[in-house]
Amino acid sequence: MLTNTIPDMYPALSAKAPLQEKRKLLTAHVSVGSFKHFVEHIFWLAAHKPSSYVCFANAHMLVEAYRDQGFNTLLNQADVVTPDGGPLSKLMKFHYGLQQDRVAGMDLLPCLLQEAATRGKSVYFYGSTDRVLQAVVSRAKKDLPTLKVAGYYSPPFRKLTHIEDEAITNTINDAAPDLVFVALGCPKQERWMAEHKGRVKACMLGVGQAFMTYAGLEKRLPKWARNLSLEWTYRLWQEPGRLWKRYLYTNSMFVYLAMRMLLQGARQRPSRKQLPD
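Worth saying up front: this structure is predicted, and the values here are computed from it rather than measured. (Residues numbered from 1 in each chain as written. Predicted model: local features only at pLDDT ≥ 70, side-chain atom pairs only at ≥ 80, totals over all residues. Heavy atoms only, no water.)

## Here's the deal with the pairing of strand 7 (residues 179–183)
Alright, step 1. Burial runs high along strand 7: five of the five residues are buried.
Alright, step 2. The side-chain alternation of strand 7 yields two buried faces, one formed by Leu 179, Phe 181 and Ala 183 and the other by Val 180 and Val 182.
Alright, step 3. Note that strand 5 (residues 122–127) and strand 7 share five bridges and pair parallel. From the neighbouring strand, Tyr 124 faces strand 7, where its bridge partner is Val 180.
Alright, step 4. Of the strand pairs in this sheet, strand 7 and strand 8 (residues 203–206) are connected by four bridges, and their pairing is parallel. Each bridged residue has a counterpart across the sheet, and for Leu 179 the counterpart in strand 8 is Cys 203. (Buried < 20%, exposed > 50% of the residue type's maximum accessible area, 1.4 Å probe, protein only. Helix = DSSP H or I, 4+ residues; strand = E, 2+ residues; numbered from the N terminus. Pairing = 2+ DSSP bridges.)

## Things to note about the sheet that holds strand 3 (residues 52–57)
Sheets are built from strands paired through backbone hydrogen bonds, the pairs being either parallel or antiparallel.
Alright, step 1. Read across the sheet, six strands follow the order 4-3-8-7-5-6 without closing on themselves; strand pairing throughout is parallel. Edge positions in the open sheet fall to strand 4 (80–83) and strand 6 (148–153), since each of these has one partner strand only. Within the sheet, the average angular offset between the axes of one strand and its neighbour, ignoring direction, is 20°.
Alright, step 2. Across the face of the sheet, helix 1 (residues 35–48) comes into contact with strand 3, strand 4, strand 7 and strand 8 while running at roughly 160° to strand 4. (Axes fitted to C-alpha atoms, helices over the stretch in contact; angles between N-to-C directions. Contact = heavy atoms within 4.5 Å.)

## A few points about the pattern of salt bridges
Two side chains that carry opposite charge are able to pair once their charged atoms sit near each other.
Alright, step 1. For the structure on display, the rule yields 11 salt bridges.
Alright, step 2. Across the pair Arg 67 and Glu 64 runs a salt bridge whose closest N-O atoms are separated by 3.6 Å. Of the two residues, Arg 67 and Glu 64 are both situated in helix 2 (residues 59–67); the distance of three residues between them amounts to about one turn of the helix.
Alright, step 3. For Asp 68, the salt bridge is made with Arg 191, and the minimal N-O distance between the two is 3.1 Å. Taken as a pair, Asp 68 in the loop between helix 2 and helix 3 (69–76) and Arg 191 in helix 8 (residues 188–196) lie far apart in primary sequence, 123 residues in all.
Alright, step 4. When its relative accessible area of 30% is taken as the criterion, Arg 191 is described as partly exposed. (Salt bridge = Lys/Arg side-chain N within 4 Å of Asp/Glu carboxyl O.)

## Comments concerning the side chain of Asp 84
Alright, step 1. Along the polypeptide, Asp 84 turns up in the loop between strand 4 and helix 4 (86–96).
Alright, step 2. Despite its burial, Asp 84 pairs with no opposite charge; the closest candidate is Arg 102, at 4.1 Å N-O.
Alright, step 3. Within the structure, the side chain of Asp 84 is placed 2.7 Å from the backbone nitrogen of Gly 105, a separation counted as a polar contact.
Alright, step 4. Sequence-distant contacts of Asp 84, defined by excluding residues within four places in its chain, comprise Phe 56, Ala 57, Asn 58, Arg 102, Val 103, Ala 104 and Gly 105. (Lys, Arg positive; Asp, Glu negative; His and termini not counted. Polar contact = N/O pair within 3.5 Å; in protein donor to acceptor, adjacent residues only side chain to side chain.)

## Description of the nonpolar core
Alright, step 1. One finds Tyr 126, Val 180 and Phe 254 to be the most contacted residues of the largest nonpolar core, which totals 39 residues.
Alright, step 2. Other than its neighbours up to four places away in sequence, Tyr 126 contacts Tyr 153, Pro 155, Leu 160, Ile 168, Ile 172, Val 180, Phe 181, Val 182, Ala 183, Leu 184, Trp 192 and Phe 211.
Alright, step 3. In this structure, Leu 45, Val 80, Cys 203 and Tyr 214 belong to the second largest nonpolar core, which totals 38 residues. (Core = buried A, V, L, I, M, F, W, Y, C linked by side-chain atoms within 4.5 Å.)

## Examining the environment of Val 81
Alright, step 1. Structurally, Val 81 can be placed in strand 4.
Alright, step 2. Taking the C-alpha atoms as reference, Val 81 lies 8.8 Å from Val 32; in sequence the two are 49 residues apart.
Alright, step 3. Setting aside chain neighbours within four positions, we find Val 81 in contact with Lys 22, His 29, Val 30, Ser 31, Phe 38, Cys 55, Ala 57 and Leu 75.

Written out as structure tokens, the structure is:
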């Protein structure tokens, strides 16, 4: 049961944050709430915090956080960490008894763009390639003609100099977006957002592959397959040479750590004989 009950409805831009709690999965703290409350909270951040960032956590990200203390720290310092992967929602249910929605970047991106158009908020796209960004902007302008696209930028595939980074940061701030969607891949995009908190004056969201699916450059599995948490198999089929070692290690490690977490939780729960009359 939630320690802080989240009401069914929140008015947009309420003085109170729609999301009130995180729960620990492995070493990461993942936000709790309905899909709708994640949407409301992101716009709440854009209105109430000068600079913030949102991470979309899956099994790979949780294993990265487990292995890398520095990455774990920046993940836990995020304003919001969504349960992007189906296994995280299932683990939340098995360990805490919560019916937690899956809040995937691929689902949240089009929803946030629709809401931004409705609310008169502006967006900025950062990362990926010029080809992908142009396809993203083209679809956004076609589907949402009232959406304010403040700009987009594809950085070079190398470490930026301090001068380059300052120039890009100033360019984003001059455009004055409410939301900045970042697609640099994990863990690069999470590190970028953490490094730019307090510098980029917007709510930053590390949406990864969501640019590709939104632009129609990459297909997504049917919903029934997503419900079975099989999206990693599709990614593996697309890029076997690059991803097979990662998935072999990451998935195995996640299953091991999740089982250990569940077993430890079961041992800590009082048995029926220990329960008071």
